[in-house]
Every structure is written in structure tokens, then in C-alpha cells.
Amino acid sequence: MVDIKDLDTGERPTWCPGCGNYVLLSTLKAVISELELQPENVVVVSGIGCGSKMPHFIKTYGFEGLHGRILPVATGVKLANKNLTVIAVGGDGDGYGIGGNHFIHAARRNIDITYIVQNNSVYGLTKGQYSPTSQKGFVSPTSPFGAIDEPVNPVSLAISSGATYVARAWYMDANHLKELIKNGVKHKGFALIDVLQPCLTFNKINTIEWYTEKIYKLEETEYKPNDKLIAFEKSQEFYPKIPIGLFYKEDGKPTYEDQLPQTEGKQPAEQKIENIDMNLFFKTLK
Ligand code: SF4
């Protein structure tokens, strides 16, 4: 079992004091350690945003890609070697806005990736523009009279797109967050963990207090996360109360990579490129 301190790269984040990214960073290290994952078998992939610096601070393999392109990179890594544990991390603007298209397709393919979204309803890195999950009326430099579009509901979108593990977490409940991520990593299929975490600097609406009075845990109710229609209905709930926890889990659905003949046996990344049977790729394309 890798010790948490051995996952430290020595680099230090420059996030604002109190930013939820610190909690997520230490939680991710705890997940890798407690699941006894070997760092050389883990790839943390990110896009662009405050929290997308994550691969710099975790001593596993990592890749910081382009804005909104986390999931294509993560998909490529998984298809090159499906034995790797692939964890994708990024913000709501990156994942649900610029990368929204990739999100839908990764979910419907049920590729075995764990996708953690730091959802603070604002573009923090670029100083506070409204994001796809900002509430209607949210005032920002790009919505000076208040946002007029309805926010994306990531949980509903993931369920309806075909994701097989869909959860929402609250960053201040670190143990709950850790368990949801751990189970997402263990799950065979596409897992979304949408993490509510305020941007203390640029979002003065969705504050810690705002969330704290609204959040409740699904596990403390009669709710069971095994019915897609009921899960979708539950995912619509956000006002006045916000449910967190596991909304939906479906076991046994084939993953994208397991249906590809190219990933049987020796993985493409372990072979010389000239030895890969390209006919298999063409067969899949037919
Ligand atoms: Fe965190 Fe917001 Fe600061 Fe970015 S701007 S580091 S999201 S608090």
C-alpha cells in the first residue's frame, strides 16, 4: 500500500486559501492509498482550470490537456491500456461547457473512467465568468445583468446519457466524498462524481453557508440508487434542498473498451506499433 506522503510530488498548489481543491487533492491521495493502487498504474488526467493543476501534485502518471478535452485524453489512455486506473479531474466550465459534448459521449460509451468534477458554478481561473452550472440570474463579468440561461444539471445529464455510476458530493464532508470516489474508482464503467465546492473568491452566491443549509444525504433517506427513472426524477431536485450521495449505479453493463478486440490480451500500449493488427481497427469501424 502506497503511503500518502509518497504521492507528494513536492510541488505546491497556488490555490486561494480555503479552496476546495485542497480537500480534493488530499482525498484523491487517500483514495489511491486506501484502494492500494500502485502509482505506476494510475493516470490522473485534467483539462484547464484552477483544479486542473491536480496532476502536478499527485505522484502518479498524469496529463494536463486542453480546455474541455479531459475525456478524449482519458479515453485514449484507457484504450491504450485498459489495465490502468484512469481518473479525470476538472471544473464545471471545462467539463459541462467546453467539454460538454465529450461528457455525453463518454457516459453513453460507459468507458471505465472515473470523472471528478469540481463544480463551483463559475470560471475561477479566468476571474469569475458565469459557467454552465451558474444559476439563472448569476451576475458576472460576462453576465452583467444576470445569466439568462438555465443551468446544466450534470447528474440528470449523466444518468440520461448512460453513465453507470452517478454521484454528487459536498467537499466539506471529506469522508463522504472519499467513499463516493473510492466506489466510483472500483466501479466498472463510467463514473461521475460531481463535487459541489464553492469558489470562495469569485462566487459570492453559492457560498459554504448557502450549501450547508440545503444539503442532505440520500443515504439517510429510503432512497435506493438502482432505478434509472427514479434516479432521474431525484436528480431534478436542487431547490430548496440539495441531495448528495449516490443517485444511480448499474452493474454489468459492458464497458466500451471491453467490447473492442484491440484491447484483448496484450494492450496496444505494450506492443510495438508495427505489430498492432490494423485490420482490427477497420473491422470495428465497419
Ligand atoms: Fe479555488 Fe476559486 Fe481560488 Fe480558483 S479562484 S483557486 S476555484 S477559490
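To be clear, the structure that these remarks concern was listed above.
The rules behind each value
Residues numbered from 1 in each chain as written. Predicted model: local features only at pLDDT ≥ 70, side-chain atom pairs only at ≥ 80, totals over all residues. Heavy atoms only, no water. Pairing = 2+ DSSP bridges. Helix = DSSP H or I, 4+ residues; strand = E, 2+ residues; numbered from the N terminus. Axes fitted to C-alpha atoms, helices over the stretch in contact; angles between N-to-C directions. Contact = heavy atoms within 4.5 Å. Phe/Tyr/Trp six-rings, centres within 6.5 Å; stacked < 30°, edge-to-face > 60°. Lys NZ or Arg CZ within 6 Å of the ring centre and 35° of its normal. Salt bridge = Lys/Arg side-chain N within 4 Å of Asp/Glu carboxyl O. Buried < 20%, exposed > 50% of the residue type's maximum accessible area, 1.4 Å probe, protein only. 1 Å grid on protein atoms, 1.4 Å probe; cavity = no way out; pocket = protein on both sides within 12 Å on 5 of 7 lines; lining within 4 Å. Points joined across faces, edges and corners; volume = space filled by probe spheres on them. Nonpolar A, V, L, I, M, F, W, Y, C, P; charged D, E, K, R; others polar.

Enquirer: Hey, could you run me through the sheet that holds strand β8 (residues 191-196) in this one?
Expert: Backbone hydrogen bonds hold the strands of a sheet together, and the pairing may be parallel or antiparallel. One open sheet accounts for eight strands, arranged β2-β1-β3-β4-β8-β7-β10-β9; its pairing is mixed. Strands at the two margins of the open sheet, each flanked by one partner only, are β2 (61-64) and β9 (215-217). Averaged over all neighbouring strand pairs, the angle between strand axes comes to 20°, with direction disregarded. Note that strand β7 (residues 165-170) and β8 share six bridges and pair parallel. By the bridge assignment, Ala169 is partnered in β8 with Val195. Along the sheet, helix α1 (residues 20-34) contacts β1 (42-46), β3 (85-91) and β4 (114-119); its crossing angle with β4, the most-contacted strand, is approximately 160°.

Enquirer: Quick question: what am I supposed to make of the packing of aromatic side chains here?
Expert: A ring pair, where both rings are aromatic, is described by two values, the distance of the centres and the angle of the planes. Within the structure shown, the criterion is met by eleven aromatic pairs. Feature note: the residues Trp170, Tyr171, Trp210, Tyr211, Phe238 and Tyr239 constitute an aromatic cluster, connected by ring pairs. In this structure, Arg109 packs its charged tip against the face of Tyr256, placed 5.5 Å from the ring centre. One residue, Lys214, lies across the ring of Trp210, its end atom 4.2 Å from the ring centre.

Enquirer: Honestly, the pattern of salt bridges in this entry has me stumped. Any pointers?
Expert: Any two side chains of opposite charge can pair, so long as their charged atoms come close to each other. For the structure on display, the rule yields 13 salt bridges. Here Lys182 ties to Glu179 by a salt bridge, and the two come within 3.8 Å at their closest N and O atoms. Of this pair, Lys182 and Glu179 both sit in helix α6 (residues 174-186), three residues apart, roughly one helical turn. Given a relative accessible area of 35%, Glu179 falls into the partly exposed group. One salt bridge connects Lys234 with Glu237, and the closest N-O pair in it is separated by 2.8 Å. What you see here is one network of salt bridges that share partners, running through Glu34, Lys178, Glu179 and Lys182.

Enquirer: Any chance you could explain the layout of surface pockets here in plain terms?
Expert: A probe matching the size of a water molecule, rolled over the atoms, marks out where space remains unfilled. Looking at the largest pocket, its volume works out to about 560 Å³. Lining of the largest pocket is provided by 32 residues; of these, Gly49, Cys50, Gly51, Gly124 and Leu125 occupy positions nearest its centre. Elements supplying a minimum of two residues to the lining of the largest pocket: α3 (92-98) and β5 (122-123). The biggest single contributor to the lining of the largest pocket is α3, with three residues. Looking at the lining of the largest pocket residue by residue, the classes come out as 14 nonpolar, 13 polar and five charged. Lining of the second largest pocket is provided by 19 residues; of these, Thr133, Pro151, Val152, Phe238 and Tyr239 occupy positions nearest its centre. Of all elements in the fold, only β8 and α7 (208-212) reach the threshold of two or more residues within the lining of the second largest pocket. The residue inventory of the lining of the second largest pocket, partitioned by class, reads eight nonpolar, seven polar and four charged.

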